[in-house]
Amino acid sequence: MVGEPLHAYGDPVLSAFNLDFFNAGRRQRVALGAGWNVRFESVPPVRGFRWNKGDRSFPGWYYTVTTGGHVGYESWLERDRLILLDFASDVVGIASQPFWLHWRDGEERRRHAPDYFVRLADGRSRVVDVRAEDQVDERTAEAFAATERACSAVGWEFVHVGVPDPVFMANVRWLARYRHERCGRAAGVAERLLEVFRRPGPLRMGAEEAGDVLGVLPVLFHLLWTGALRADLGGALLGSDTVVQTSDGMAVGPMRESQGHGLLRPRLGTRGEGSQMRRLSRPAAIGVGERVRFGGQVRAVLAVSAQVVTLSAEGGSPREIPLAMLLGDESFEVLSSRVRMPLPPVSLLEALPEHAREKALWWEGHILEVLHGTDPAAAGEDAGPRPEYDPARHSLTARERAKAAELTAAGYRVSVSTIGNFRRRYQIEGLLGLADRRPVRKKPQFGKVDDAVVEAMRKALKEGEDDSTRTGTYIIWRTSEILQEAGEEGQEVELPSQATLYRLLAKLSQGNPISGTARNRRSRAHGAKAPFGQWTVFAPGEVVQIDSTPLDVLVRLDDGVVGKVELTGMIDVATRTVTAAVLRPSTKSVDASVLLARTVTPELMRPGWADALRMSRSVLPYRRLLNIDERLEHAAAKPVIVPEMIVCDHGMVFISRNFKASCRFLEIDFQPTHKASPFQKGHVEKMLDSVGTVFAQFVAGYTGRSTDHRGRNLDKQSLWSLPELQELLDEWLVATWQNREHDGLRDPLHPGRSFTPNEKYAALVEACGYVSVALSAEDYIELLPSVWRAVNDYGIRIKRRTYDGPGLIRRQHSGVMEKKGLWEIHHDPYDISRIWVRNHHGDGEWIEATWKHLRHTPVPFGDLAWDHAAQGLPEGTEAEIAEAAAALLTRAHAGPGGTNAKPRKRSRRDKQVAARTKAALPVAIPPPVPNTAPDPEPPQPEEEEPLAKVIPLGLFDPLADPWKTR
């Protein structure tokens with residue numbers, strides 16, 4: 001709450017400044033003396049973030065373990081400072097843009113919003129402004145000074161921080177990936193590490209001594225983050241040889257603040273004009289024949305060795321001077337140096353005609369003789385100069401006169417000034433200065449066309465960037481209209497001929513032709529204006545991008561309706577792994593949240609998948625990972641990647657409160673891109689485009705990317721249903737995408753070798769370790785989409801399916817007035833077998849209700865379907881994977897029912913299994929499979945064979961204990 005005015009100080013500053021902030025959801029503005037005791041570390045930001053196209057900064061939200069939630073930043077420099085604040089052990093609270101500080105500067109009203117408000121463990125308050133030193137202009141400095149005066153009046157600390165030390169920041173940024181509590185959860189590992197590093201030792205060696213590095217490294221890095229272990233984070237980048245010891249040893253991090261690596265002070269001498277690095281320069285080169293100033297006298301250099309320089313002396317013998325003494329003399333200066341010709345620009349010389357090069361080489365020999373007395377190409381090494389060209393006997397001017405006379409006598413009309421001009425050009429430009437460059441002389445880009453005409457046509461092209469495609473005739477007409485409008489303002493310009501205008505149009509539209517598609521024209525016009533940057537990612541999950549796009553395939557939706565679906569996918573930038581991908585009629589925020597749940601859960605093998613697709617038979621370190629995460633026992637060959645940062649666009653699905661809440665729940669940083677800048681998440685854009693070509697074109701009902709590419713009577717083909725197409729996509733991602741080499745995964749040291757996503761993950765996990773995120777029952781259910789329904793006598797009805805359970809509270813008001821007494825229900829869109837109802841009359845626990853027809857229609861992944869469809873393979877090889885991928889595409893192209901081949905006659909058991917299998921939707925995240933198979937049913941006559949035993953849906957069991965050890 002806002003306290004009483006602070007009268008004890010009697011400082012006029014307290015009334016000269018006002019604080020504008022949010023308090024309990026309400027906007028307040030009070031004097032500084034009345035609002036100093038507000039807990040600003042808990043207030044929301046006073047201003048929103050902006051992602052305007054072309055902005056240089058990237059706002060976003062960083063999950064801090066200090067606050068247990070997202071804290072905003074307006075640039076990645078602020079994000080780095082936020083990471084350092086989260087790393088500091090004495091920081092207990094952080095708020096971004098906590099308040100507006102208002103004051104008057106003469107007659108002008110000023111305001112400033114500090115970047116962060118920090119609460120320290122001892123109760124002190126600190127206001128932090130983040131700005132690079134070279135970005136602080138006069139007005140910004142005035143705002144910082146005013147903020148410092150206000151903070152001083154109420155007892156707050158104020159600091160302005162700039163760019164942190166790059167090595168220290170890179171190490172802390174790496175450790176920040178392991179700041180989460182889940183990274184230190186492995187039982188007994190932390191104790192072994194503390195015991196190993198009681199004596200300082202190398203990082204990698206100590207990790208191997210404590211156990212398997214896949215499980216030990218995350219715990220080790222987590223202990224370095226918390227301070228239980230210590231290492232020198234400012235000397236060099238963390239590596240295998242970094243010395244690590246327990247916290248009672250070497251001081252790093254906050255304790256090294258006095259040495260320049262502090263969390264709130266920039267390292268001295270690393271930026272600005274006062275940097276020592278900027279004052280260093282190479283000494284001038286010294287060679288024989290040069291004249292230098294030493295000891296107040298001008299001397300000639302007679303000899304140079306590695307340690308001694310021999311200088312001449314007037315009226316005495318030569319003197320040997322140590323090189324260190326010579327360079328250390330304050331009066332030392334190189335006064336003249338030998339003439340050194342510049343290197344010839346070979347590419348320009350090659351562009352000259354042959355006769356021009358031969359003439360330039362002919363002139364070079366004569367000019368060298370004028371300069372040095374001999375022509376190296378014509379005379380031998382020991383040949384001396386001719387008398388008229390001896391530099392010791394004749395001046396440069398005399399030698400030039402001699403050369404002019406010689407060439408004139410030989411039949412060449414050359415004057416002394418011509419020789420002088422050629423000599424000077426040779427000394428400046430080298431051989432190219434002697435060449436006739438008229439054949440390669442640059443011409444004006446647009447010839448003799450007036451600049452006003454060029455600008456008018458550029459304006460006409462600019463206007464058509466977002467319009468429909470038009471021909472060149474329209475652009476030329478529009479150019480003349482623009483010129484006429486300029487002529488009315490007194491700038492009359494004559495329009496050139498039609499042929500000239502068309503040539504000008506071809507030059508201005510080169511690379512983006514006006515006859516191209518409107519989509520390509522917009523993409524090029526609104527693309528990146530600066531060179532593309534690159535995500536510096538070194539670990540799986542460090543940056544994960546998400547996006548949605550329509551899939552160019554027709555599917556059969558509910559009630560037999562034919563339509564298209566949207567593909568929503570996530571890709572890991574470091575390994576190019578598609579961590580999760582789902583198909584929905586229209587993507588909603590709840591679907592994106594379920595996608596997050598799928599990406600942290602293993603992809604289990606499905607009935608009918610080739611055995612070569614198992615993780616146990618892939619390049620992934622299956623056995624070692626299984627010791628850390630038991631959920632991988634029956635997993636397919638696709639790694640489980642926990643996102644650290646989600647990069648998305650500004651679609652309503654991704655910037656919704658629901659999706660941001662899911663990211664906060666899973667402790668994931670949230671980074672939107674700039675608006676209208678799809679290239680900033682180019683990896684997921686490329687992935688979605690690849691799925692649309694590499695996979696979708698093989699599927700029955702493929703429509704092509706536009707109406708120009710669409711076939712006829714597609715809706716009459718045998719189309720897949722949405723669940724069936726999802727099943728095909730999941731299998732294709734495991735069989736093809738994860739085993740497909742990517743150009744973006746090339747080794748810089750061996751550029752001829754490209755890696756698959758699985759191979760890249762196997763390499764990176766050795767340096768990063770593996771951390772599993774096992775969702776508890778409540779965790780998984782909370783991430784599911786919710787609806788509000790009434791509970792009737794027959795149960796609950798959702799999408800024409802009735803659910804019932806023994807614990808339901810029927811025909812009663814839930815107590816939630818905003819929802820008119822309805823009950824909150826969460827359901828899995830990929831699992832129709834059951835739902836969960838929140839008990840509003842209790843403590844909010846979940847009541848499970850199952851589908852009424854579940855006992856009559858077994859789920860698709862029961863043991864009966866598995867045993868009937870699965871076929872064992874002796875060994876997983878690349879050939880088997882390729883065969884499985886080819887069979888998948890053949891099956892996808894044939895459509896349901898296999899219209900390309902005559903179906904074989906199925907037995908009664910085949911029909912029974914098929915009917916039971918396709919009755920329910922496939923599930924995305926299977927539960928752990930028990931070690932023991934259920935007892936087989938006793939054999940009975942075929943006509944009396946009972947229905948198969950009903951088995952719960954298989955992807956994920958929310959009621960199972962994820963940490964239970966079998």
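Treat the numbers as computed from the prediction; the structure is a model and nothing was measured. (Residues numbered from 1 in each chain as written. Predicted model: local features only at pLDDT ≥ 70, side-chain atom pairs only at ≥ 80, totals over all residues. Heavy atoms only, no water.)

Peer 1: Before we go on, may I ask you to explain the overall build of the chain in this structure?
Peer 2: Assigned secondary structure in the chain consists of 28 helices and 31 strands. Across the 966 residues in the chain, those meeting the buried criterion constitute 46%. In the chain, the share of contacts with a sequence separation of at least 24, taken over all contacts with a separation of at least 6, comes to 65%. (Helix = DSSP H or I, 4+ residues; strand = E, 2+ residues; numbered from the N terminus. Buried < 20%, exposed > 50% of the residue type's maximum accessible area, 1.4 Å probe, protein only. Contact = heavy atoms within 4.5 Å.)

Peer 1: Explain the packing of aromatic side chains here, please?
Peer 2: Under the criterion given, the structure shown has 25 aromatic pairs. Here the aromatic rings of Phe99 and Trp156 are separated by 5.9 Å at their centres, their planes lie at 40 degrees, and the arrangement is tilted. Here the residue Phe99 occupies a position in the loop between strand E5 (91-96) and strand E6 (100-105), and Trp156 occupies one in the loop between helix H4 (138-153) and strand E10 (157-161), the gap between them amounting to 57 residues. Like Trp156, Phe99 is buried. Ring centres 6.0 Å apart and planes at 65 degrees place the aromatic pair Phe659 and Phe670 in the edge-to-face group. Within this pair, whereas Phe659 is found in helix H21 (residues 657-665), its partner Phe670 is found in strand E23 (residues 669-672), the two being separated by eleven residues in sequence. (Phe/Tyr/Trp six-rings, centres within 6.5 Å; stacked < 30°, edge-to-face > 60°.)

Peer 1: Where do I start with the sheet that holds E6 in this structure?
Peer 2: One key point about sheets: their strands pair by backbone hydrogen bonds, in either a parallel or an antiparallel sense. The antiparallel open sheet is built from four strands, whose spatial order is E2-E1-E6-E7. The sheet is open, and its two borders are formed by strand E2 (26-31) and strand E7 (108-112), each paired with just one other strand. Strand-to-strand, the axes of this sheet are offset by a mean angle of 25 degrees, without reference to chain direction. In this sheet, E6 lies alongside strand E1 (residues 18-23) in antiparallel orientation, the contact comprising three bridges. (Pairing = 2+ DSSP bridges. Axes fitted to C-alpha atoms, helices over the stretch in contact; angles between N-to-C directions.)

Peer 1: So what exactly am I meant to see when it comes to helix H14 (residues 416-429) here?
Peer 2: In an α-helix, one turn spans 3.6 residues; hence positions three or four apart end up facing the same way. For H14, spanning 14 residues, the distance from its first C-alpha to its last is 20 Å, which sits close to the expected 20 Å at 1.5 Å a residue. For H14, the set of buried residues is Ile419, Gly420, Phe422, Arg423 and Tyr426. For H14, the buried positions fall inside an angular range of 165 degrees around the axis, keeping them on one side. Looking at the buried positions of H14, the neighbouring elements they touch are helix H12 (354-372) and helix H13 (396-409). Phi turns positive, to about 75 degrees, at Gly430, one or two residues after H14. (Expected span 1.5 Å × (residues − 1). Arc of directions from axis to C-beta.)

Peer 1: Looking at this structure, I do not really get the packing of helix H3 (residues 76-87) against helix H5 (residues 166-176). What am I missing?
Peer 2: Two measures define how a pair of helices packs: the angle their axes make with one another and the distance between the axes. Packing of H3 against H5 leaves a shortest axis separation of 10 Å and a crossing angle of 70 degrees. Looking at the two axes, H3 sits roughly perpendicular to H5. Where H3 crosses over H5, the handedness of that crossing is left-handed. Touching Asp80, Ile83, Leu84 and Phe87 of H3 are Phe168, Met169, Val172, Arg173 and Ala176, all from H5. (Parallel < 35°, antiparallel > 145°, perpendicular 65-115°, else oblique. Left-handed = near helix turned anticlockwise from the far one by under 90°.)

Peer 1: Quick question: what am I supposed to make of the sheet that holds E10 here?
Peer 2: What the four strands build is an open sheet, ordered E5-E8-E9-E10; its pairing is mixed. Edge strands, defined here as strands with exactly one partner in the open sheet, are E5 and E10. The average undirected angle you get between the axes of adjacent strands in this sheet is 25 degrees. Pairing geometry for strand E9 (residues 125-130) and E10, over five bridges, is parallel. Residue pairing in the sheet places Asp129 in a bridge with His160 of E10. Those strands touched by H3 are E5, strand E8 (116-120), E9 and E10, and its axis lies near 5 degrees from that of E8.

Peer 1: For this particular structure, what's the right way to read the confidence of the model for the chain?
Peer 2: When pLDDT drops low, the exact placement of atoms in the prediction is not to be read closely. A residue-level look at the chain finds 79% of positions with pLDDT of 70 or above and a mean pLDDT of 79. Element-level mean pLDDT values for the chain span from 30 in helix H26 (residues 863-869) up to 96 in E8. A low-confidence stretch, residues 249-284 stays under pLDDT 50, and its non-local contacts, those more than four residues away or across chains, total 62 contacts. Scored below 50 in pLDDT, residues 899-904 shows five contacts in the model against residues more than four places distant or in partner chains. (pLDDT = per-residue confidence, 0-100.)

Peer 1: Is there a simple way to think about the pairing of E6 in this case?
Peer 2: In the case of a regular strand, side chains alternate between the two sheet surfaces. Pairing of E6 with E7 involves five bridges; the strand directions are antiparallel. Bridge pairing in E7 links Trp103 to Arg110. Hairpin remark: E6 followed by E7, antiparallel, with two residues in the connecting loop; positive phi at Gly106, about 70 degrees.

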